[in-house]
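Each chain, written out:
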Amino acid sequence: MTTVANHLPTTELQAIDAAHHMHPFTTGKEINENGARIITSAKGVWLKDSEGQEILDGMAGLWCVNIGYGRPEIADVAARQMRELPFYNTFFQTSHVPALMLAKKLAELAPGDLNHVFFANGGSDANDTNIRMVRTYWAEKDQPERDVIISRWNGYHGSTIGGASLGGMKGMHAQGGLPIPGIEFIDEPNWWAEGGDQTPEEFGLARARQLEEKIKEIGPEKVAAFIGEPIQGAGGVIIPPATYWPEIQRICDKYGILLIADEVICGFGRTGNWFGSQTMGIKPDIMTVAKGLSAGYVPIGASIVSDEIAKVIGDTEFNHGYTYSGHPVACAVALENLRILEEENVLEHVRNVAGPHLKKRWEELAEHPLVGEARVEGLMGSIALTPDKATRAPFAADAGTVGYICRERCFANNIVMRHVGDRMVIAPPLVITCEEIDIFVDRARKSLDECLEKIRADGIFKAA
Ligand SMILES: *Cc1c(COP(=O)(O)O)cnc(C)c1O
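For clarity, every value in this text was computed on a predicted model and none was experimentally measured.

Enquirer: Go over the sheet that holds strand S11 (residues 371-377), please, and point to the residues and values.
Expert: Across the sheet, which stays open at both edges, the four strands sit in the order S11-S12-S15-S14 with antiparallel pairing between neighbours. Of all strands in the sheet, those with a lone pairing partner are S11 and strand S14 (418-420), marking the two edges. Looking at each pair of strands side by side, their axes are set apart by 20° on average, direction ignored. Relative to strand S15 (residues 423-426), strand S12 (residues 380-385) is paired through four bridges, and the arrangement is antiparallel. Counterpart to Ile-383 in the pairing with S15 is Met-424. Strands S11, S12 and S15 of the sheet are contacted by helix H15 (residues 346-364), whose axis makes an angle of about 175° with S11.

Here's what the structure looks like:
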């Protein structure tokens, strides 16, 4: 076993990494020059690096390690399943116990009539499934011209061709010829950045009504579905105004358009309920899940779909699937993760203990001279950095310059907080304690102080 005590020296590990390992969403040249920080082990909410430093992980890995690191029950279940049945497919008239039991469990947990599960390996490919599923659904209902999916600028739905096409990240579209045909976009409900003089409530309604305008523009008979994250995660933890989702639901109902909730981050307790759709009061026809489904211990994702969609799709052969759809080890691990969430009352902890405590401590950061808004829903939060709170102005420097500096200060102070442009985001493991939240927020404040000091010295603490 490689441990902090016996692995190669850090500089050698960094050199190997630089020579051979290509990092996702990273400028290779930059990380290779600076050297990656090598994470060697983790327990609870604490990471350990190759130098023996302990880092408080405010991002639950990548929005996924919700039960915390190092749970031996998960390792035991995985080992047992590997011994019993490491793999079998579910393509050709066969099934196996972990897949069918996990499908049943997800049907129980999911709201409404979302009772059917199509497995994938993560969120991106589950969204690819959704594209093909909704288009096949309408084709089977003799409306093949209904193939347009409406999504939102600055939404994130993954990095495959389909997932990145559904997502509204312009930097992703720019590489590789995206989006695929038949995807249309409306603006995001980001009041801080785009709300102007409107109240959040007015703005939320206005942004939702863009969906109706877009449907009319395309022609209602051509629109298959709308997709959105209940709360945008990778876009900067954008918590929409309360007026937004009810209006989206009304419009989807009015035009008979399928509603896809991408629950990859919000699902499994992140907002204090099983699903973000429940927190936002919506009734999706399909939910995309991944990340928290297995707490990141193994890759797995899924589309959870309604009785109606499963029935219509079931009338034909759906020519779609992944070798590892419903992988037995991944399903067994997910089931154990869900057992832990339930039996250890993790959602109650988010709702009644950690969530309220984080909200209180986090909102104190709004007093900091560098911080505009500081918001939390459940255990996901963000702060908007700004040179001018009153006008919500962006910085004169390129977007992300200050956020990057802040993130560097956080990392130096041994906390993980990500930056999305000039927003800082957090989504700690759901099992984080109040003491750990205090440590985190204290270090975040120190990092903000250091960031402010640096950007003042650099002369970039000024509005655009
Ligand atoms: C992470 C994420 C995805 C993509 O999931 P992968 O497992 O990385 O493929 C899709 N949707 C949302 C909302 C996500 O946060």
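Let us keep going from here.
Enquirer: With reference to specific residues and values, describe the sheet that holds strand S13 (residues 415-416).
Expert: Strands pair in a sheet through their backbones, by hydrogen bonds, and they do so in one of two ways: parallel or antiparallel. With respect to topology, four strands assemble into an open sheet ordered S1-S2-S3-S13, the strand pairing being mixed. Two strands bound the open sheet, and with one partner strand each, they are strand S1 (39-43) and S13. Sheet analysis places strand S3 (residues 54-57) next to S13, joined by two bridges and oriented parallel. Among the inter-strand pairings, Asp-57 is bridged to a residue of S13, identified as Val-416.

Enquirer: Tell me about the nonpolar core, and name the residues and values.
Expert: Among the nonpolar cores identified, the biggest contains 68 residues, and Leu-102, Phe-119, Phe-268, Trp-362, Leu-385 and Ile-455 are the most heavily contacted of them. Formed jointly, this core draws a minimum of three residues from each of two domains, domain 1 (37-67 + 345-457) and domain 2 (73-343). Setting aside its immediate chain neighbours within four residues, Phe-119 contacts Ala-99, Leu-102, Ala-103, Leu-106, Ile-300, Gly-301, Ala-302, Tyr-322, Ser-325, Gly-326 and Cys-331. Ranked by size, the runner-up nonpolar core spans 36 residues in total, among them Val-148, Ile-257, Ile-265 and Cys-266.

Enquirer: Requested: an account of the site of the ligand, with residues and values cited.
Expert: Every residue close to the ligand is listed here: Gly-122, Gly-123, Ser-124, Tyr-156, His-157, Gly-158, Glu-229, Asp-262, Val-264, Ile-265 and Lys-291. Gly-123 is positioned with one of its backbone polar atoms (N or O) 2.9 Å from an oxygen atom of the ligand. In this structure, Lys-291 approaches the ligand through a side-chain N or O atom, which is 2.7 Å from an oxygen atom. With the chains in place, 82% of the 380 Å² that the ligand exposes on its own is no longer accessible. In terms of residue class, the shell around the ligand is made up of three nonpolar, five polar and three charged.

Enquirer: Please give an account of the packing of aromatic side chains that cites residues and values.
Expert: For the coordinates displayed, the defined rule picks out 10 aromatic pairs. Pairing Trp-153 with Phe-185 gives two aromatic rings, centres 4.3 Å apart and planes at 20°, and the pair type is stacked. One end of the pair, Trp-153, is in the loop between strand S5 (148-152) and helix H7 (161-166); the other, Phe-185, is in strand S6 (residues 183-186), and 32 residues separate them in sequence. Here Tyr-244 and Trp-245 contribute two aromatic rings whose centre-to-centre distance is 5.4 Å and whose plane-to-plane angle is 75°, an arrangement assigned as edge-to-face. What makes Trp-245 buried here is its relative accessible area of 1%. Ring pairs connect the aromatic residues Phe-226, Tyr-244 and Trp-245, which therefore count as one cluster.

Enquirer: Describe the pattern of salt bridges, naming the residues involved and giving the relevant values.
Expert: Side chains that carry opposite charge are capable of pairing whenever their charged atoms lie near each other. For the structure shown, the criterion picks out 29 salt bridges. In this structure, Lys-105 engages Glu-108 in a salt bridge whose closest nitrogen and oxygen atoms are separated by 3.7 Å. One end of the pair is Lys-105 and the other is Glu-108, both in helix H5 (residues 97-109) and three residues apart, which spans about a single turn. With a relative accessible area of 17%, Lys-105 lands in the buried category. The class of Glu-108 is partly exposed, set by a relative accessible area of 48%. One network of salt bridges, with partners in common, ties together Arg-209, Glu-212, Glu-247, Arg-250 and Lys-254.

Enquirer: Lay out the domain arrangement of the protein with the relevant residues and their values.
Expert: Examined at the domain level, the protein breaks down into domain 1 (37-67 + 345-457) and domain 2 (73-343). Between the C-alpha centres of domain 1 and domain 2 there is a distance of 26 Å. Contact with domain 1, which involves 33 residues of that partner, is made by 36 residues of domain 2. For the pair domain 1 and domain 2, the two sides together bury roughly 2800 Å², of which 62% comes from carbon and sulfur.

Enquirer: Quick one: what's the story with the environment of Gln-81, residue by residue and with numbers?
Expert: With respect to the helices and strands, the residue Gln-81 is situated in helix H4 (residues 72-84). For the pair Gln-81 and Trp-191, spaced 110 residues apart in sequence, the C-alpha to C-alpha distance is 47 Å. Apart from the residues within four sequence positions on either side, Gln-81 is in contact with Pro-86, Pro-98, Pro-328, Val-329 and Ala-332.

What counts, and at which threshold
- For every chain, the first residue of the written sequence is number 1, and numbering continues from 1 onward in sequence order.
- This being a predicted model, a pLDDT of at least 70 is required before a residue's local features are given, and a value of 80 or more before pairs of side-chain atoms are given or counted; all residues contribute to the totals for chains, interfaces and linings.
- Excluding hydrogens and water, the side-chain figures rest on all heavy atoms present in the structure.
- Here a strand pair is declared whenever DSSP counts at least two bridges between the two strands.
- Secondary structure counts use DSSP, requiring at least four H or I residues in a row for a helix and at least two E residues in a row for a strand, with both numbered from the N terminus.
- Axis angles are defined between N-to-C directions and span 0 to 180 degrees, where every axis is a line fitted to C-alpha atoms and, for a helix, only to the segment in contact.
- We call two residues in contact whenever any of their non-hydrogen atoms come within 4.5 Å of each other.
- What we call a nonpolar core is a set of buried Ala, Val, Leu, Ile, Met, Phe, Trp, Tyr and Cys residues that are connected through their side-chain atoms within 4.5 Å.
- Using a 1.4 Å probe on the protein chains alone, a residue whose accessible area is under 20% of its type maximum counts as buried, one over 50% counts as exposed, and one in between counts as partly exposed.
- For the domain bounds, the source is a domain assignment made automatically or taken from a database.
- Residues are classed as near a molecule or strand on a simple rule: at least one heavy atom within 4 Å of it.
- Polar contacts here mean pairs of N or O atoms no more than 3.5 Å apart (in protein, one a potential hydrogen donor and the other a potential acceptor; neighbouring residues in sequence count only if both atoms are side-chain atoms).
- Per-residue and other accessible areas follow the Shrake-Rupley method at a 1.4 Å probe size, with only the shown protein chains counted as cover for residues.
- Polar here means any residue other than Ala, Val, Leu, Ile, Met, Phe, Trp, Tyr, Cys and Pro, which are nonpolar, and Asp, Glu, Lys and Arg, which are charged; Gly is therefore polar.
- Note on ring pairs: Phe, Tyr and Trp rings are taken, using the six-membered ring of Trp, and paired if centres are within 6.5 Å. Classes follow the plane angle, with under 30 degrees stacked, over 60 edge-to-face and the rest tilted.
- We count a salt bridge whenever a side-chain nitrogen from Lys or Arg sits within 4 Å of a carboxyl oxygen from Asp or Glu.
- Two parts lose some accessible area (1.4 Å probe) when they are put together, and adding that loss for both gives the buried area.

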